[in-house]
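If you want the building blocks of each chain, they are given just below.
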Amino acid sequence: MPIIVNLDVMLAKRKMKSKNLAEQIGITTANLSILKSGKAKAIRFTTLEAICKSLDCQPSDLLEYQE
Amino acid sequence: MSKLQSILNVLIYVWIIGVFLKLLKEVGILYKHIHSRIFDSNIISSSSFSMILVSMAFICLLIYMLWHLRNFKKVVKKSKNTSLFNNSNYKAFHSVGMAFIYYTVARFTIRIVEFMLSNVDEGQQSIAYQFGRNIGEGVSNQFPLLIVALFLLIIAELIKDGYQLKKENDLTI
């Protein structure tokens, strides 16, 4: 899929662990792992909003389009 | 849902018993054919080899049906605990649907062959009339099963679609 999820980059920048982020946004670590690995088919606006709020970033920091 | 599945399970059990009894009856008929073929000295009354073959074909068909019904029963039992939308359920419903169609067509063919082999004289009616009546009877007898088979195939497609949607939903974070 040409949409790349840069969640691990943002987590590294914010020095935050996946487990903490999962707890903050209210999803399981397994689902966060699916999102990080790019296996996810879709992302809900509510989840994206929660991630952006927790990591203090914009959606464009998390998602990238590559051909 | 589980109540419906329980009822379906009971009905499948009854169906299996019915097919099993039919199988026993057909084995009895086959035995009678073989017995008359071996011991009956009268050539006219003794069963022909083709009648024995028809009987054996019907027995094979009933065993095939029993095997598929057994598989179907397993699926119904298994899906009580897990979600109905999975790939194995799709395959099971599809294979049972196809098996019912094959059974219907084969049973109809055997019925026609059976009629052609038996030389029962039904009064003044012509052979063409008797043949047509037998075809009509054969079609009407197999029609309900054919409808069930098509419903099973439609359900299989619905399960397949549901499985795709479930997979997509599971991968939506």
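Residues numbered from 1 in each chain as written. Chains lettered and ligands numbered in written order. Predicted model: local features only at pLDDT ≥ 70, side-chain atom pairs only at ≥ 80, totals over all residues. Heavy atoms only, no water.

Once that is clear, we can look at the overall build of chain A. Each helix and strand counted, chain A has 5 helices and 2 strands in total. Order of helices (α) and strands (β) in chain A, N terminus to C terminus: β-α-α-α-α-α-β. Sorting the 67 residues of chain A into buried and exposed places 30% on the buried side. Of all intrachain contacts in chain A linking residues separated by at least 6 positions in sequence, the fraction that spans at least 24 positions is 64%. Accessible surface, chain A: about 4600 Å² in total, of which carbon and sulfur atoms supply 52%. (Helix = DSSP H or I, 4+ residues; strand = E, 2+ residues; numbered from the N terminus. Buried < 20%, exposed > 50% of the residue type's maximum accessible area, 1.4 Å probe, protein only. Contact = heavy atoms within 4.5 Å. Areas by Shrake-Rupley, 256 points an atom, 1.4 Å probe, with all protein chains shown as cover.)

Moving on to unusual backbone geometry. Residues and elements named next belong to chain A. If you check the backbone angles, Lys-15 has positive phi at about 55° while not being a glycine. Assignment of secondary structure puts Lys-15 in the loop between helix H1 (7-14) and helix H2 (18-25). Among the residues examined, Lys-15 registers a relative accessible area of 77% and is labelled exposed. We note that Asp-56 has phi near 50°; this positive angle belongs to a residue other than glycine. Tracing the backbone shows Asp-56 in the loop between helix H4 (45-55) and helix H5 (59-62).

With that out of the way, let us pick up the confidence of the model for chain B. The pLDDT averaged across chain B works out to 82; a share of 86% of its residues lies at or above 70. Model confidence for chain B, summarised as mean pLDDT per element, is weakest for helix H2 (residues 49-78) of chain B at 83 and strongest for helix H1 (residues 2-39) of chain B at 86. (pLDDT = per-residue confidence, 0-100.)

Counting residues at the interface gives 11 residues for chain A and 5 residues for chain B. Between chain A and chain B, a total of about 720 Å² is buried, with carbon and sulfur atoms accounting for 65% of that surface. Considering only the side of chain A, the residues that lose the most area to chain B are Lys-41, Ala-42 and Arg-44 of chain A, jointly responsible for 57% of the buried surface there. Linking chain A to chain B there are 0 salt bridges. (Buried area = accessible area lost by both parts, 1.4 Å probe. Salt bridge = Lys/Arg side-chain N within 4 Å of Asp/Glu carboxyl O.)

Residue and element names in this part refer to chain B. As for its position among the elements, Ile-63 is in helix H2. A residue is classified by how much of its surface remains accessible, and Ile-63, at 47% relative accessible area, is partly exposed. As for Ile-63 and Val-19, which are separated by 44 residues in sequence, their C-alpha atoms are 8.5 Å apart.

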